Each structure stands twice: as C-alpha cells, then as structure tokens.
Amino acid sequence: MSQLAIIYRKELLETWRNRKWIWIPLVFILMGVMQPISTYFMPQILKMSTMPAGTVIQIPTPSGAETVVKALSQYNLIGLLVLVLAFMGSVSGERQHGVLQLVMVKPVSFTMYVLAKWLSAVSVSLVSLLLGYVATWYYTEQLVGRVPFLRILSSGAVYALWILLVLALTIMLSSLFDSAMATAFIALAGAALLSVFTSLFHIQWSPGNIPSMAEQLVLAGKADSGFVASMLITVALVGVFLALAAWVFQRRDVV
Amino acid sequence: MALLEVTNLAKSYGSVEAVKGISFHIESGRCVSLLGPNGAGKTTVLKMLARLTSPTSGQIKFDVPHPQDVRSYIGYLPQQPAFHEWMTANEFLEYIGRLSNIQRSEVLTRRDKVLEMVGLKDVARRKIGGFSGGMRQRLGIAQALIHRPRLLIMDEPVSALDPVGRREVLELMGEIRQETTILYSTHVLHDAEEISDDILILVQGQIVVDGDLPGVRMQFQQPMVKIQGEVTLEPWHSVWARIPGIQLVTGSGAWVELTVEDLAGARNAILQSLTEQNIPVRSVEFGLTSLEDLFMKVVKS
C-alpha cells in the first residue's frame, strides 16, 4: 500500500472517530430537506401567525425545481462554511500540535501527505453532498413537485466540482498558514469574491459560475455557454492549488 | 568514514544566528551527547539533522546506502513528542511504521518488539490521550526505533521525567546503544557522563568542546581542592589566590574550590595556609574537576 493510501486511511479513521462522518452529512441533509418541508408547511405557518383581519398574502407556490435550487443556495452559503471550518486545520493543526514532526521525520512525500488530506476532506464532503442532495430531492418529490432525477444528478456532479475547488484552496491555505482562522477567512472570502467578480463582469469561463450553472441544470436541464471552459479551468485550478500546497509545505520548515 | 559528517552548519532566524557554522562528525556505534545551556542551539542542530528544519548554510552528509532521502535512516524523538491522541499506541506505531515503508507484516512484529522493549506492552491497546508523561516519552522512543534507524536522535530525552522515569529511560538508552548510534541532547551533565562515549558542548551556537569522554576529561580535567569551613571562608579567598600554582578561587560562604595547576607543589602551601591562618576547617578534599566544572567554565567564558 502506498503512502497515499496509508495517510488517507488514517485520515478516514480520524474523521470517523471525531464524528465528522456523522455531523457533516447530517448538516447537509437537514439543510437540504428544510427547503421542501418549509415550502410544504408555509400555508399552515402563515395561517397560525396572527395577522390583521383582511390581510391578503399571495405567495406563488414554488415548483419542485425552485425548491431544490433553494437547497443548493443553502449549500453554497452554510454548507461551504461548514466544510471550510471542518477542514481548516487539516494541515496546520497537525503542525501546531507537533505530531507533524513525527510524521515528516519519516520518509513521507510532501505531495502524498497533502493529497491524502485533500482526498479525505473530499470524501466526507461529497458523501455529505450526495446524501443531503438526494434527501432533498426525495422530500421535494413527496411534498412539493416533480424534479427529474437526472437533473439532480447532473447538477450535483457539477456542484461537486466547486466543492473540490474550495477544499483544495482550504488545504493549500492550511499548509501555508499556522492560523486555522486565517485559512477559513481567506478560503471563504476567496470563494465569495470569485462569485461576485464572475457575476459582475459576466466571466463565462470562471469557476465562480459553477454554483449558478448547477442551479440552471436543475431549473432548465442545461447550462450556459462556457460550461466546458469553466469545468476545465476548475479542474486545472484544483491541480494548481494542490501543487502549490505541496510546494509551500515542502519549503516551510516542519517546526 | 564517519556515519555523519557535518560541515559549517549554520541556521539563522532573521537576524538571530542560532547555530554559527559548526562542524563535527559522529562515528558509527557511538553514543554522543550534545551538551549546552538552554538556548545554545541544541534543538536547532538536532532538527536540522532530522531534516525537519533546513539549514541556512552548511552540509550534512550521511554515510548510508541511499542518501537521497536519509530520513529512512533516522529515528527522531522531539523534546515534547506529540501524538494523535485518538489513536491507540498500537495504531500509532503501525501508522508511523508503515510511513517508513516497511511491509505490514513486518511492522506488526516490529511494533510488538519495540513496545515490549520500552515497557508499554500492557497499554498497547489504550488511547494515547490517557498516557502519562513517562509513557509518552517511552512511546516516543518506540516510534523512533520502529524502522531500525542507523542514527537515533533524541532531544532532551530525560529532562522532563521524574527520577524513576529518568532512570528507566537511561537504562533503555543503554540497551539501544548496543544496536544503534545515538545522538542526544541534554543539560544534565551527570547523564552525559553516565552513558555517552563522546561529548559535544554547544554554547551560543558554537561547539566549544568535542571529543570522547576520557579524552575530554584528560584534556580539561584539573586538580582541585574543595574546602568546607565552620564559618564563611570568604575572608581567606585572597590568601589562597596568592599561593603560586592556584589558578582559580571560587565558591561562597562555607565552601571554596581551588583549581590547581600543579597539585604536588600547591598541596603543602594550601595545608600550611590552613594552620597558619588558623582557618576553622571542617573538611578538605583533594580531587579532580568534574564535567560539571568544565561545563560551567566553558559556558561562562
């Protein structure tokens, strides 16, 4: 078994023992199914609240696809926050704690170490996304309206790429900074800025388009032009971030 | 050729020169202690040898079959070893052993062997989070030995331990030195005298003494007279300082130490001074300076 597999296995064991394998999927499931459930119960909720007599509230009933999109935007807001916070100390934590000394004094490849860290974060995150998204789809079908499952799959796969990118950025920052807070702040600010600039200047090939493309895939079943370009650029950026992470990691003294 | 050859090794942190271009070598099979006061740069030197910190300049050469990644040949015990607290001792040693590119079956036998050696066999299935300081130190030694290193580097292996733990670790080191070369840092001179073959004294980033223990003793040891009085002996310091052959008068209160160049010549003069001046003496001891005296001398100079 290669070093990558050894470290990856240890990471999986660690994320299992510190319950990340339980609470992160739970957060994604809860966040997702909240949307169809609140849509379904909205009329009752409104009825229960005391309104002045004669108030007329007209809310267009959202479609199934719109409900799923709401869940996606929750993932993009709170889900990313949760993932970044969960993995912000991935490298810097081991460095600060001191156990990195015992690991790096053995003939361990810096690249494999960083790669294993990223892969384990990706494993937890994508499983959480999958479970959460499928649960959202199920409740939406049951309570709100039909959404083709193929659209769910394609948009989830596209959105997964965005998560890969954010996690690669997080791991890179974590091997650069000792402060986990700095890592979280810069990773989240970076993702937010990328999205803002992308929509401000209509950069079609930007990775920042991915969340909105995922939404379009749900709503319309197809994405904008620039889809392929932004996918390719995202994959390339993931590679760049990981290579940078290994490079930064190697250049820094372990202690 | 020596197992380890260090040439002009230097490390600066900003404008602070922690290690100022030191050169030394370590022969295979020796137990070498790196002595020095706190802040002398001992830890920095050891971390550079373990490839955890990169030198600002200088060379470190290992005489090993595959010098591309010398980390395979080094076992390292940091001053305060930190582990994955959520792992058991067994799991941690297996993890570290596998990272050293050893086959799984061999790691398992090796793991049991080192655990038995350091006396942690009974707690092998317990979480490291509940280990005491002494157990951590021994687990640290176990992980450093798991891949049969050629050189075992230990940073202050006994400093943080209580007398019992200290004794245990020293005995363990006595066993380990039969199999592998050891380089360890300490500021406890007594330990260095007890188990090392060679000593290196590092003061302010520079090596001031380097040699095998008997040689260093021979070179630096001087005859010395220790006098204890009934009252303070300070008034007579000047009397002794005037005796020819006495190099140094140190001590305070009822104790005084006279470092002597030629004991045969000075012995009578010292004894005479005691009777002539009617000094209330309790004990007089003629002996040799210890490593501690040497250490104090080089650190202060």
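Residues numbered from 1 in each chain as written. Chains lettered and ligands numbered in written order. Predicted model: local features only at pLDDT ≥ 70, side-chain atom pairs only at ≥ 80, totals over all residues. Heavy atoms only, no water.

Asker: Explanation requested: a nonpolar patch on the surface in the structure shown.
Answerer: All names here are of chain A. On the surface, Tyr40, Phe41, Met42, Ile45, Met51, Ile57 and Ile59 cluster together to form a nonpolar patch covering roughly 620 Å² of accessible area. Position of Ile45 among the secondary structure elements: in helix H2 (residues 20-48). A relative accessible area of 41% places Ile45 in the partly exposed class. (Patch = residues over 30% accessible without salt bridge, like charges linked within 9 Å, V, L, I, M, F, W, Y side chains within 5 Å. Areas by Shrake-Rupley, 256 points an atom, 1.4 Å probe, with all protein chains shown as cover. Salt bridge = Lys/Arg side-chain N within 4 Å of Asp/Glu carboxyl O. Helix = DSSP H or I, 4+ residues; strand = E, 2+ residues; numbered from the N terminus. Buried < 20%, exposed > 50% of the residue type's maximum accessible area, 1.4 Å probe, protein only.)

Asker: What is the right way to look at unusual backbone geometry in this model?
Answerer: Peptide bonds are trans in most cases, and residues, glycine excluded, mostly fall at negative phi. Residue and element names in this part refer to chain B. One non-glycine residue with positive phi stands out, namely Asn8, at about 50 degrees. One can find Asn8 in strand S1 (residues 4-13). The backbone of Arg51 sits at a positive phi, close to 65 degrees, despite the residue not being glycine. Take Arg51: its relative accessible area is 32%, and that puts it in the partly exposed class.

Asker: Explain the domain arrangement of chain B to me, please; I cannot follow it from the model alone.
Answerer: Reports of interface size often rely on the accessible area that becomes lost once the parts have come together. Residues and elements named next belong to chain B. Annotation of chain B at the domain level lists domain 1 (4-212) and domain 2 (221-300). Computed over C-alpha atoms, the centres of domain 1 and domain 2 are 40 Å apart. Between domain 1 and domain 2, the contact holds ten residues from the first and six residues from the second. Contact with domain 2 buries surface across domain 1, with Leu189, Glu193 and Ile201 losing the most and accounting together for 51% of the total. Run the count over domain 1 and domain 2 and you get zero salt bridges. Taken together, domain 1 and domain 2 are joined by zero residue pairs in polar contact (both at pLDDT 80 or more). Listed by contribution, the elements that provide at least two residues to the side of domain 1 that touches domain 2 are helix H6 (189-195), strand S8 (198-203) and strand S9 (206-212). (Domains from an automatic or database assignment. Contact = heavy atoms within 4.5 Å. Buried area = accessible area lost by both parts, 1.4 Å probe. Polar contact = N/O pair within 3.5 Å; in protein donor to acceptor, adjacent residues only side chain to side chain.)

Asker: Would you mind going over the side chain of A:Ser125 with me for this structure?
Answerer: Residues and elements named next belong to chain A. One can find Ser125 in helix H6 (residues 110-143). Residue class for Ser125 comes out buried when judged on its relative accessible area of 0%. One polar contact links the side chain of Ser125 to the main-chain carbonyl oxygen of Ala121, over a distance of 2.7 Å.

Asker: Which parts of the structure should I look at to understand the sheet that holds strand S10 (residues 223-229) of chain B?
Answerer: The strands making up a sheet associate through hydrogen bonds between their backbones, and the pairing can be parallel or antiparallel. All names here are of chain B. Read across the open sheet, the four strands follow the order S11-S12-S10-S13; overall the sheet is antiparallel. Each end of this open sheet is capped by a strand with a single partner; those strands are strand S11 (246-250) and strand S13 (281-288). Direction aside, the axes of adjacent strands within the sheet are offset by 15 degrees on average. As judged from the seven bridges shared by S10 and S13, these two strands associate in the antiparallel manner. By the bridge assignment, Ile227 is partnered in S13 with Val284. (Pairing = 2+ DSSP bridges. Axes fitted to C-alpha atoms, helices over the stretch in contact; angles between N-to-C directions.)

Asker: Just checking my understanding: could you explain the interface of chain A and chain B for this structure?
Answerer: Facing 24 residues of chain A, the contacting portion of chain B comprises 31 residues. Approximately 2600 Å² of surface area, both sides summed, lies buried where chain A meets chain B, with 60% of it carried by carbon and sulfur atoms. The interface formed by chain A and chain B contains two salt bridges. For the salt bridge of B:Lys11 with A:Asp253, the shortest nitrogen-to-oxygen distance reads 3.1 Å. Between chain A and chain B we count 13 residue pairs in polar contact (both at pLDDT 80 or more) in total. Secondary structure elements with two or more residues in the side of chain A that touches chain B: helix H1 (3-17), helix H4 (92-97) and helix H5 (99-104) of chain A. Among the elements that take part in the side of chain A that touches chain B, H1(A) stands out by supplying seven residues, more than any other. Residues that form the side of chain A that touches chain B fall into these classes: 14 nonpolar, four polar and six charged. (Nonpolar A, V, L, I, M, F, W, Y, C, P; charged D, E, K, R; others polar.)

Asker: Just to check I follow, could you spell out helix H9 (residues 210-219) of chain A for this structure?
Answerer: Each α-helix winds once per 3.6 residues, and so residues spaced three or four apart point in a common direction. All names here are of chain A. Those residues of H9 that sit buried are Ile210, Pro211, Met213, Ala214, Leu217 and Val218. Taken around the axis of H9, the buried residues stretch over an arc of 165 degrees, which confines them to a single face. Buried positions along H9 lie against helix H3 (64-87), H6, helix H7 (149-176) and helix H10 (227-251). Within two residues after H9, Gly221 carries a phi angle of roughly 80 degrees, on the positive side. (Arc of directions from axis to C-beta.)

Asker: Whenever I open this one, the packing of H3(A) against H6(A) confuses me. Can you help?
Answerer: A pair of packed helices can be characterised by two numbers: the angle between their axes and the separation between those axes. Residue and element names in this part refer to chain A. Here H3 crosses H6 at 155 degrees, and the two axes come no closer than 11 Å. Judged on the interaxial angle alone, H6 and H3 are roughly antiparallel. For the crossing formed where H3 meets H6, the hand is right-handed. Across the interface between the two elements, Gly64, Thr67, Val68, Ala71, Leu72, Tyr75, Leu83 and Phe87 from H3 touch Ala121, Val124, Ser125, Leu129, Gly132, Tyr133, Thr136 and Thr140 from H6. Classifying every residue of the contact of H3 with H6 gives ten nonpolar, six polar and no charged. (Parallel < 35°, antiparallel > 145°, perpendicular 65-115°, else oblique. Left-handed = near helix turned anticlockwise from the far one by under 90°.)

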